[in-house]
Amino acid sequence: MSNNTDSFSTTFPIVSFTGPIVGPGSTLLTGEAVPGLGDIQLKCCGLVQLSSYLAPGDPTKTPFKGFHPFQVFVIFPIHTKPWNTLCKKMADRKETHFQSNVLLSCTGKVAGFLDHRIMVHPPQLAQDFVFIVVPDTWQFLDKAGQDSISTPLAPSVTTPAKKPPTDPFDPARFMSPSKPITRQTTTPTMTTRSTVTLSDQASHTEPTNLTLSTTALMPAARSTSGATKRPNQFGELSSPSTPSKKTRPVQPAQEVKQDSSRSSTITLDEPFPPSSPIPNDTADSLTSSISSAPPLSLEDTTRPHRNRHPPKKFAEIGDNITLS
Amino acid sequence: MSIMFFARSRFVQKFASVEEQYVKGLNVVAVTGIRFPPPDWTEISEYSGLLACSENGDSNCAYFSLNISMYDEKLDPTELNDTWFFMYGRVHPYALTWEVGPDNYYTVPALIIRDHGYQA
């Protein structure tokens, strides 16, 4: 036990959230209390507003059903490695990234708790922990941020097994002569983003974010069922037998859109619902596309031609994908 | 805010009725200590003023009310006691106050772990 205890105690807890920024450290920390930080560092940290939805067993007693707010302190420690190089642009920038009401989506390690005495607006109770979070992955969801969302999870989608498995650890299993289709990488990332947003009740600005995510997801949803031009061709080819197929490719996105429009009710009771519609739907469509990947990949080299003149067998495959 | 962590619990208690539950639907409650080891950079002079010092001197351990669901009769909640678990769930780092009896209040930050969110 003692050995285990030692190893576990050196493991950082990891948190993940999305929420509006309250402001930068330069305005929310008392500079005199932490003189060593300096202006640049104070610009590269800030507080984020989050809340937890809670319903007690007895609704007549505290804590009452509803959103309970709290704040976390996010810091990029730019005086140390690797952040001095990793966040050089952030440090060099005149303005802080921690602008009020910009959404920050972030996963990172908890380094400890912020000393209440250095906060301009400390929490009410001494027992309140203000987590100090050092982001591992992060995204400031301002206007400029919408284009660069897709990269981190790219490998997870581009690794459908294309060869018969030998040693499951064999790196050759993950090699591929064909280029990954970058469009598809948006799907899982957006899924993650939706999930994150749903799990963190990100206050009044949440609907904006969800709308953005949903619109960004729509082309991605199409791309899982084929190239952008293909749904029309499939529709023409397959409409006699199954007239409804033409609308299928967009369906996942529509479901997501509906769900997100009533997200406040979904997430309220079950912030991590085991049968959450969004992850499951998208996961299903992903699974289906991945399980159908080997037949598609055989023809990878002819993909450009297929886009122009799709043979009937691909129409069938495409139907399978969109149907499942 | 979701959280992944290793933790050890004590004072495990199972509720018979929904009204007793701290969080609706979660029928087991415990006190959990999570370690937050300070990274090296927090010891640099620039950053040393950021971290709060805890009362008992164990600056990297914090205690939460662990709320977990355990409806499977095969699971014995007392097995949580003093066992290290890896858990995934939600955290509310500010203290919440539960009325646990007449003029008796329990004020503590909370962890909410739903199904399949823990592994010994």
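Located above this text is the structure these notes cover.
Residues numbered from 1 in each chain as written. Chains lettered and ligands numbered in written order. Predicted model: local features only at pLDDT ≥ 70, side-chain atom pairs only at ≥ 80, totals over all residues. Heavy atoms only, no water.

Peer 1: I'd like to hear about the overall build of chain A, residue by residue, with values.
Peer 2: Scanning chain A for helices and strands turns up 15 helices and five strands. Evaluated residue by residue, chain A yields a buried proportion of 48% over its 324 residues. Sequence separation of at least 24 residues holds for 72% of the intrachain contacts in chain A that already meet a minimum separation of 6. Carbon and sulfur atoms form 59% of the exposed surface of chain A, whose accessible area is close to 16,400 Å². (Helix = DSSP H or I, 4+ residues; strand = E, 2+ residues; numbered from the N terminus. Buried < 20%, exposed > 50% of the residue type's maximum accessible area, 1.4 Å probe, protein only. Contact = heavy atoms within 4.5 Å. Areas by Shrake-Rupley, 256 points an atom, 1.4 Å probe, with all protein chains shown as cover.)

Peer 1: Tell me about the interface of chain B and chain A, and name the residues and values.
Peer 2: Contact residues are listed per partner, giving 47 residues for chain B and 61 residues for chain A. For the chain B and chain A pair, buried surface summed over both sides reaches about 4,900 Å², with 68% attributable to carbon and sulfur atoms. Considering only the surface of chain B that becomes buried against chain A, M1, L50 and Y94 of chain B emerge as the three largest contributors, covering 16% of it. Inspection of the chain B/chain A interface yields zero salt bridges. (Buried area = accessible area lost by both parts, 1.4 Å probe. Salt bridge = Lys/Arg side-chain N within 4 Å of Asp/Glu carboxyl O.)

Peer 1: A description of the environment of K43 of chain A should follow, citing residues and the corresponding values.
Peer 2: Relative to the helices and strands, K43 of chain A resides in helix 3 (residues 38-43). Taking the C-alpha atoms as reference, K43 of chain A lies 7.3 Å from F98 of chain A; in sequence the two are 55 residues apart.

Peer 1: Residues and numbers for the pattern of salt bridges, please.
Peer 2: Residue and element names in this part refer to chain A. Scanning the model with the defined rule gives four salt bridges over all chains in all. The partner of D92 in a salt bridge is K88, and the shortest N-O contact between them spans 3.0 Å. With D92 and K88 both in helix 5 (residues 88-92) and four residues apart, the pair spans about one turn of that helix. Among the residues examined, D92 registers a relative accessible area of 52% and is labelled exposed. Judged by relative accessible area, which is 47%, K88 ranks as partly exposed.

Peer 1: Now, about the packing of aromatic side chains: what can you tell me, with residues and values included?
Peer 2: Residue and element names in this part refer to chain A. In the structure shown here, the tally under the stated rule is 20 aromatic pairs over all chains. Between F76 and F98, the ring centres sit 6.2 Å apart and the planes meet at 55°, which makes this aromatic pair tilted. Of the two residues, F76 is situated in the loop between strand 3 (66-75) and helix 4 (83-86) and F98 in the loop between helix 5 and strand 4 (103-113); the sequence distance between them amounts to 22 residues. Between F113 and F129, the aromatic rings sit 4.3 Å apart at their centres with planes inclined by 20°, giving stacked as the arrangement. With F113 in strand 4 and F129 in the loop between strand 4 and strand 5 (131-141), this pair connects stretches of sequence that are 16 residues apart. Look at F113 and you get buried, because its relative accessible area is 7%. (Phe/Tyr/Trp six-rings, centres within 6.5 Å; stacked < 30°, edge-to-face > 60°.)

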